[in-house]
Amino acid sequence: MLIAIVTLRNYLRAREAERRCVTECATAVFARLKEQKRLAETDTNGLTVKFVPVPYLLSELLAGQQPHTAKYNRVRSAVERVVESNPLVRAKQHNVEGEIMRVWEWVGV
């Protein structure tokens, strides 16, 4: 019984840590998207794009974790769900340096 309680407690702590990581990452994504939009609007040359490629952004935010592990994939999927469920973010496919990839763009004010 004691082993089951300790195992459950560790499981719940790990899930809570993942939820905190998802919240922190989503907040960082929103800040980065707002900043990218601001940079694109203030660029007088018109060379700065308004969007950010999802793979690059998430890899940057989750750099401290081992890629393609179960925890990494869970956190990444949860961050994608949170960000794409926000009505102020537009998700679309775009050509980035010759490669079609998913991008996010801040459409809010």
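Up top is the structure these notes are about.
Residues numbered from 1 in each chain as written. Predicted model: local features only at pLDDT ≥ 70, side-chain atom pairs only at ≥ 80, totals over all residues. Heavy atoms only, no water.

*Asks:* Sorry if this is basic, but what is going on with the overall build of the protein chain here?
*Replies:* Along the backbone of the protein chain there are three helices and three strands. Relative to a compact globule of 109 residues, whose C-alpha radius of gyration would be 13 Å, the protein chain shows 17 Å and is clearly more extended. By principal-axis analysis of the C-alpha atoms, the protein chain measures approximately 65 × 30 × 20 Å. Taking all 109 residues of the protein chain together, 30% fall into the buried category. Accessible surface, the protein chain: about 7,400 Å² in total, of which carbon and sulfur atoms supply 57%. Distance between charge centroids for the protein chain: 8 Å, based on 17 positive and 12 negative side chains. (Helix = DSSP H or I, 4+ residues; strand = E, 2+ residues; numbered from the N terminus. Rg over C-alpha atoms; globule rule 2.2 N^0.38 Å. Buried < 20%, exposed > 50% of the residue type's maximum accessible area, 1.4 Å probe, protein only. Areas by Shrake-Rupley, 256 points an atom, 1.4 Å probe, with all protein chains shown as cover. Lys, Arg positive; Asp, Glu negative; His and termini not counted. Charge placed at Lys NZ, Arg CZ, Asp CG, Glu CD.)

*Asks:* How should I be thinking about the environment of Glu35 in this particular structure?
*Replies:* In this fold, Glu35 is placed in helix α1 (residues 2–42). In this structure the C-alpha to C-alpha distance between Glu35 and Pro87, which are 52 residues apart in sequence, comes to 17 Å.

*Asks:* Can you help me understand the nonpolar core in this one?
*Replies:* For soluble globular proteins, nonpolar side chains are generally found buried alongside one another. Among the nonpolar cores identified, the biggest contains 20 residues, and Val29, Leu33, Val79, Val83, Val89 and Trp104 are the most heavily contacted of them. Elements represented by at least two residues in this core include exactly α1, α2 (54–61), α3 (70–84) and β3 (99–106). Residue contributions to this core peak at seven residues, all from α1. (Core = buried A, V, L, I, M, F, W, Y, C linked by side-chain atoms within 4.5 Å.)

*Asks:* Which parts of the structure should I look at to understand the pattern of salt bridges?
*Replies:* As a working rule, side chains carrying opposite charge can pair if their charged atoms are close by. A complete count under the given rule lists 10 salt bridges for this structure. Note that Arg20 is salt-bridged to Glu16, the shortest N-O span being 3.9 Å. Of this pair, Arg20 and Glu16 both sit in helix α1, four residues apart, which is roughly one turn of that helix. For the salt bridge of Arg32 with Glu60, the shortest nitrogen-to-oxygen distance reads 3.4 Å. You can see Arg32 sitting in helix α1 and its partner Glu60 sitting in helix α2, a full 28 residues away along the chain. Through salt bridges with shared partners, a single network forms among Arg15, Glu18 and Arg74. (Salt bridge = Lys/Arg side-chain N within 4 Å of Asp/Glu carboxyl O.)

*Asks:* Would you take a moment to explain the side chain of Glu18 for this structure?
*Replies:* Within the secondary structure, Glu18 sits in helix α1. Leaving out residues up to four positions away in the same chain, Glu18 has contacts with Lys71, Arg74 and Val75. (Contact = heavy atoms within 4.5 Å.)

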